[in-house]
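# Geometric and topological summary
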Amino acid sequence: MFNRLCIIGIGLIGGSIARAARAQGLCREVVAYGREKNLLNMQLAKQLGVIDEFYTDIAAALENTDCVIVATPVGSMQVIFEQIKPYWNPETIYSDAGSTKGSVVSALEAVFGAVPDNFVPAHPIAGAERSGVDASTVDLFVNRRLILTPLENTDKQALAKIHSFWEQIGSSVSVMSVEHHDTVLAATSHLPHILAFALVGLLGRKDEQREIFKYAAGGFRDFSRIASSDPTMWQDICLANKQEIVPLIRQFQAELSKIEQLLVEDQSAQLFETFTYARNARQRFLDQQED
Ligand SMILES: NC(=O)c1ccc[n+]([C@@H]2O[C@H](COP(=O)([O-])OP(=O)(O)OC[C@H]3O[C@@H](n4cnc5c(N)ncnc54)[C@H](O)[C@@H]3O)[C@@H](O)[C@H]2O)c1
Ligand SMILES: O=C(O)C(=O)C[C@]1(C(=O)O)C=C[C@@H](O)C=C1
């Protein structure tokens, strides 16, 4: 499909894309671009056979590439687009893996004036709380969703090629607007991460005084897993999508206040109803996962 694929940011997601593209024979060569301070991670990527070569010079990395995928934290993308701009090739297909799409579109507009038609915004809805190329796997995206958010001017051939690339990797591809993507992901990904960080932060401070983690088990482990996620990545996501996240935090605060009131008033029937509704809603989610 591609001759030379360049991944900018060869971490968990970039590394998993590289591994999957190689395994499926979707490119002849995979190269990575990164900064000097990420040299060890890129050396490891080469040692592990995830990439053929890496560069700290953007011009060398982009030479002869027919596909470039940016897989760095969303807050770094504007700087990266600035770096790519002098070497922008109308024949090359560009895409990304960022968790927010409005911010990626705004970064492109800031650098290019308008989103170039050979850029296809993408987001794999699969990941982990771990970072770096050593956490990458060949099957991270298999049977997982991948969202494309093309714009009106997005080149149809570029879109079809990225669509097919992800399908061949094993993802189930959906297409939606940038706005819809950011609204939905704020609720199902961004808010849950904030809640996990907030709860673990609160309990961490208690633990320092009273060793409560010693007695925590499955429930806490399940709820808190995502609080192990990379703080830079999540700082960037939360700031990039705050207009969607802040109203949800307010709704969540109201939900907690309702439960607080039910407890204060010993409203056992309503408490049961509240928990039952949530339990059924989660079952709906699990059933959809199986479809
Ligand atoms: N982790 C997940 O669960 C997940 C899932 C879907 C999408 N994403 C998105 O994918 C992207 C990458 O996330 P990840 O989990 O692979 O992170 P990661 O930390 O594992 O990898 C990011 C890589 O980008 C490099 N990088 C950072 N800033 C850079 C810069 N200015 N120039 C060049 N390289 C730079 C880092 O050195 C690192 O190698 C993010 O945009 C994230 O929002 C993450
Ligand atoms: O499984 C995890 O650890 C994840 O956080 C993955 C997850 C998510 O929230 O579901 C995180 C960020 C992404 O942009 C997509 C997927």
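Residues numbered from 1 in each chain as written. Chains lettered and ligands numbered in written order. Predicted model: local features only at pLDDT ≥ 70, side-chain atom pairs only at ≥ 80, totals over all residues. Heavy atoms only, no water.

## Section: the pattern of salt bridges
This structure, assessed with the given rule, holds seven salt bridges. With a shortest N-O distance of 2.8 Å, Lys101 and Asp96 are connected by a salt bridge. In this pair, the class of Lys101 matches that of Asp96, namely buried. With a closest N to O distance of 3.5 Å, Glu211 and Lys214 form a salt bridge. For Lys214, a relative accessible area of 55% puts it in the exposed group. (Salt bridge = Lys/Arg side-chain N within 4 Å of Asp/Glu carboxyl O. Buried < 20%, exposed > 50% of the residue type's maximum accessible area, 1.4 Å probe, protein only.)

## Quick notes on the sheet that holds strand β5 (residues 93-96)
Reading across from one edge, β3-β2-β1-β4-β5-β6 is the order of the six strands in this open sheet, with parallel pairing throughout. Two strands bound the open sheet, and with one partner strand each, they are β3 (53-55) and β6 (119-120). By the bridge criterion, four bridges tie strand β1 (residues 2-8) to strand β4 (residues 67-70) in an arrangement that is parallel. Counterpart to Cys6 in the pairing with β4 is Val68. Its contacts with the sheet place helix α2 (residues 39-47) against β2 (27-33) and β3, and it is angled at close to 165 degrees to β3. Strands in contact with helix α6 (residues 156-169) are β1, β4, β5 and β6; relative to β5, the strand with the most contacts, it is inclined by about 55 degrees. (Pairing = 2+ DSSP bridges. Helix = DSSP H or I, 4+ residues; strand = E, 2+ residues; numbered from the N terminus. Contact = heavy atoms within 4.5 Å. Axes fitted to C-alpha atoms, helices over the stretch in contact; angles between N-to-C directions.)

## Description of the state of the cysteines
Taken as a whole and assessed by the stated rule, the structure comprises zero disulfides. In this structure Cys6 is a free cysteine whose sulfur lies 9.2 Å from that of Cys67, the closest cysteine sulfur available. Cys67 provides the cysteine sulfur closest to Cys27, a residue in no disulfide bond, and the two sulfurs are 8.6 Å apart. What makes Cys27 buried here is its relative accessible area of 11%. (Disulfide = S-S within 2.5 Å.)

## Let's talk about the site of ligand 1
Taken together, 26 residues surround ligand 1, and among them Leu12, Ile13, Thr72, Ser99 and Gly132 come closest. Note that a nitrogen atom of ligand 1 is positioned 3.2 Å from one of the side-chain N or O atoms of Arg35. In the model, an oxygen atom of ligand 1 is placed 3.1 Å from a nitrogen or oxygen of the Ala128 main chain. Notes on ligand 1: free accessible area 840 Å², of which the protein chains cover 90%. Elements with a minimum of two residues in the shell around ligand 1: α1 (12-23), β7 (122-125) and α9 (231-240). Here the residues of the shell around ligand 1 are counted per class, giving 13 nonpolar, twelve polar and one charged. (Near = heavy atom within 4 Å. Polar contact = N/O pair within 3.5 Å; in protein donor to acceptor, adjacent residues only side chain to side chain. Areas by Shrake-Rupley, 256 points an atom, 1.4 Å probe, with all protein chains shown as cover. Nonpolar A, V, L, I, M, F, W, Y, C, P; charged D, E, K, R; others polar.)

## Quick word on the nonpolar core
Leu5, Ile7, Ile10, Ile17, Phe165 and Trp166 are the most contacted members of the largest nonpolar core, which totals 40 residues. The next biggest cluster of nonpolar side chains, apart from the first, holds 26 residues, and it includes Val74, Val105, Ala107 and Phe119. (Core = buried A, V, L, I, M, F, W, Y, C linked by side-chain atoms within 4.5 Å.)

## Focus: the domain arrangement of the protein chain
When cut into domains, the protein chain gives domain 1 (2-176) and domain 2 (181-290). One C-alpha centre belongs to domain 1, the other to domain 2; they are set 30 Å apart. Between domain 1 and domain 2, the contact holds 17 residues from the first and 14 residues from the second. Carbon and sulfur atoms supply 66% of the area that domain 1 and domain 2 bury against each other, a total of about 1200 Å² over both sides. By the criterion of area lost to domain 2, the three top residues of domain 1 are Ser99, Thr100 and Glu129, representing 42% of everything that side buries. At the surface where domain 1 touches domain 2, the tally comes to one salt bridge. A salt bridge links Arg225 to Glu129; the nearest nitrogen and oxygen atoms lie 2.5 Å apart. Inspection of the domain 1/domain 2 interface yields five residue pairs in polar contact (both at pLDDT 80 or more). Going through the elements one at a time, α5 (102-112) and β7 are the ones with two or more residues in the side of domain 1 that touches domain 2. Taken together, the residues of the side of domain 1 that touches domain 2 break down into six nonpolar, nine polar and two charged. (Domains from an automatic or database assignment. Buried area = accessible area lost by both parts, 1.4 Å probe.)

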